[in-house]
Amino acid sequence: MKPGCEGRPEQAKRRGELPVLATSAAASGVRHSRNARWRAAALIGINLLIVAHVIQWKLTGSTISPVEPSESMFTLRSGAVNAGFIFFSVAILATLIFGRFVCGWGCHVVALQDLCGWILKKVGLTPRPFRSRLLIFVPLMAALYMFVWPTIGRYLTKPKNEPLIPEFTNHLVTTEFWATFPSVAVAIPFLFICGFVVVYFLGQKGFCTYACPYGGFFGIADKLAPGKIRVNDACNQCGHCTAVCTSNVLVHAEVKQFGMVVDPGCMKCLDCISVCPNDALYFGLGKPSIATRGVSVTRSYSLTWPEELLAGAVFLASLLAVWEVYQLVPMLMALGIAAVSTFLAVRTIKLFRSGDSAFYGRSLRSAGRITAAGWAFLAFAVIWLGLNAHSGYVRYYERKAKLAFEKLTVPDELALAQANAAEWLSPSDKQAVESGKDAFYNARRVSLFTNREAISKLAWLEYLSGNSPRAVDLLRTATEKQTGEQRTLSLYYRGAILNRTGQYREAVTNLDMAITERPDLMPAREERGEALWQMGAREQAIQAWTDALKLNANMPLANYVLAGAMAQSNAEAALQYEQKADRAAPENAYFQWMLGLRLQNLRFNELAEKRFTRAIELDPSFASRR
């Protein structure tokens, strides 16, 4: 039934629908489902288990890795076998036998949608399904991207001697439970959009129908499953089953045509079985739906084919506009936003083209004139779609800046070896720096939120362009807004740049914080020792380099600087450090020159000269740099 046409018996008659289907279940005498409470209890239990899982991790510091299907991507990419992969595998196998019970009885997003649908009905709003022939393929496309593309990508990029299937490793227990999930600041809007907003506009299972990538695979598995809602001879086509189905399945029509429900969207809620007045429906094993033959059930769709093509274009544009904008919006949230954007865009166009239009029983346009409710709908649509367009603008420049950043070829260690990195930039590097800066600033000028990842990238581009003070300021902002590994690296890079500009005390402060957060960050330990040496704290510097070698004895720079530091006091130890460094240092001209520059910064000139000489031996073109 088209949204906005509910409650119109004459339209239902023209489409050949049963009268009960045009009204609410309660108004037509359909009894309440006995299974609804059991399913609600199961879904509430699932959410309580999720909460308990998080609490257990917070209290103990480690726990079973997230029982979330998306974690399977890490198994496919790197062989990391986790709880999410095991759960997804078991769920697929169960669906191959019993159909989509896992979706209906064990999905926290289904629980969210059902809750939102229940609340809307309590305030007198019954969500109506938005039916599209084209967008129904979105979940499968998303599933292929998430779970098939990683393997294809690995095949296309892996070295010839590397196996296609990565070596499996055990990741069933983790200390980083939340590492792959969005922050709470993102999770709350995600729940609201993929819950209330999607349900309000697209129907009670709108997210499952047009956004859930896991449903893409579950739908295929359901077609192969022998477990189906089936019918006996007692069915009199009353339509009660379809009236209570929250998965938007035409139950009465399918059981009449095929003797069972064949729609892969059926989530086996069993409400249809519970409300059947003749006990004509039951769940049983038998012929799968893929084996059925005959004319398919006639369905009414919300869109014509030209509108379907427009909907597909809007969906794709919206998805690309909001996906990972500001490095905040995850894929599932972007899919939900794109689905709502599609509905609003198409419905707005139809509002201007139609003589009469209604939504949730309210007239949006009557006798060719837009009503107050219609203007309110248009205002919401303009704001929503305008934010989509704004996100698309920001995302375009973020993407452009990221691509420019990825084109840089100058090694970080070489660029950080001296205060001015300009001489190491190739023409393409210089072009990438300018292009990346322009794109980043274009995005920042109109951004509504901070792209925390972009700040450190922009800081690096500023440093490469010779603007070290600006780079230091940006990295300060980055350390205030970032968390985890991003923050640690920003602290390190800020400390290194401060070292090159002679701000040694502040450098030590930043490097100390980086080492505290990640003790195995060897470059930070080397930089800390250099800052202490430049400050005159020679003993502390030697201790810092010595501590670094305790963690990794084969660090060339740490061994060379200790050789220089001990040259006057302990010639034998200095020689041992130098020989060890010679063995560990790669035979690469750029690396050797970088070592020379770092040693020169500390005024270990004799050792620096040896590295410069070795670099020239490896690549005679370096002689022009003397």
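I will try to describe carefully the structure that is included in this document. These figures come from a predicted structure and were not determined experimentally.

## Topic: the overall build of the chain
Here comes step 1: Scanning the chain from N- to C-terminus turns up 29 helices and nine strands.
Here comes step 2: Overall size of the chain, expressed as C-alpha extent along the three principal axes, is 100 × 55 × 45 Å.
Here comes step 3: When the 626 residues of the chain are sorted by exposure, 48% land in the buried category.
Here comes step 4: Residue pairs in contact within the chain that sit at least 24 positions apart in sequence constitute 71% of those at least 6 positions apart.
Here comes step 5: Total accessible area computed for the chain in this model is approximately 30200 Å², and 60% of it derives from carbon and sulfur atoms.
Here comes step 6: Across the chain, the centroid of the 67 positively charged side chains sits 12 Å from that of the 49 negatively charged ones.

## So, the environment of Cys116
Here comes step 1: In this fold, Cys116 is placed in helix H6 (residues 108–122).
Here comes step 2: Taking the C-alpha atoms as reference points, Cys116 and Phe196, separated by 80 residues in sequence, lie 5.4 Å from one another.
Here comes step 3: If we ignore the near neighbours within four places in the chain, the residues touching Cys116 are Gly195, Phe196 and Val199.

## Notes on the nonpolar core
Here comes step 1: In terms of nonpolar packing, the biggest core is built from 143 residues, with Phe201, Leu335, Tyr463 and Leu464 touching the most fellow members.
Here comes step 2: When residues of this core are assigned to their parent elements, the largest contribution, 13 residues, is made by helix H16 (residues 331–353).
Here comes step 3: Filtering out sequence-adjacent residues up to four positions away, Tyr463 remains in contact with Ala415, Leu416, Gln418, Ala419, Ala421, Ser468, Ala471, Ile497 and Arg500.
Here comes step 4: One finds Cys241, Val249, Val251 and Val255 within the second-largest nonpolar core, a separate group that totals 14 residues.

## Digging into helix H22 (residues 484–500)
The periodicity of an α-helix, 3.6 residues per turn, causes residues three or four places apart in sequence to face the same way.
Here comes step 1: With 17 residues, H22 ought to run about 24 Å at 1.5 Å a step, and its terminal C-alpha atoms sit 25 Å apart, in line with that.
Here comes step 2: Check the buried side of H22 and you find it contacts helix H20 (452–464), helix H21 (468–481), helix H23 (504–517), helix H24 (522–534) and helix H28 (589–601).
Here comes step 3: At the C-terminal side of H22, Gly502 shows a positive phi close to 80 degrees.

## A word on the layout of surface pockets
Here comes step 1: Of the pockets and cavities examined, the second largest pocket occupies roughly 1000 Å³.
Here comes step 2: Surrounding the second largest pocket, 38 residues form its lining, Ile136, Lys223, Asp263, Pro264 and Gly265 being those nearest its centre.
Here comes step 3: Within the residue set of the lining of the second largest pocket, elements represented by two or more residues are helix H7 (138–147), helix H10 (206–210), helix H11 (213–224) and helix H13 (251–258).
Here comes step 4: In terms of residue count, H11 provides more of the lining of the second largest pocket than any other element does, five residues in total.

Here is what the cut-offs are and how they apply
Residues numbered from 1 in each chain as written. Predicted model: local features only at pLDDT ≥ 70, side-chain atom pairs only at ≥ 80, totals over all residues. Heavy atoms only, no water. Helix = DSSP H or I, 4+ residues; strand = E, 2+ residues; numbered from the N terminus. Buried < 20%, exposed > 50% of the residue type's maximum accessible area, 1.4 Å probe, protein only. Contact = heavy atoms within 4.5 Å. Areas by Shrake-Rupley, 256 points an atom, 1.4 Å probe, with all protein chains shown as cover. Lys, Arg positive; Asp, Glu negative; His and termini not counted. Charge placed at Lys NZ, Arg CZ, Asp CG, Glu CD. Core = buried A, V, L, I, M, F, W, Y, C linked by side-chain atoms within 4.5 Å. Expected span 1.5 Å × (residues − 1). 1 Å grid on protein atoms, 1.4 Å probe; cavity = no way out; pocket = protein on both sides within 12 Å on 5 of 7 lines; lining within 4 Å. Points joined across faces, edges and corners; volume = space filled by probe spheres on them.

These figures come from the coordinates and say nothing about function on their own.
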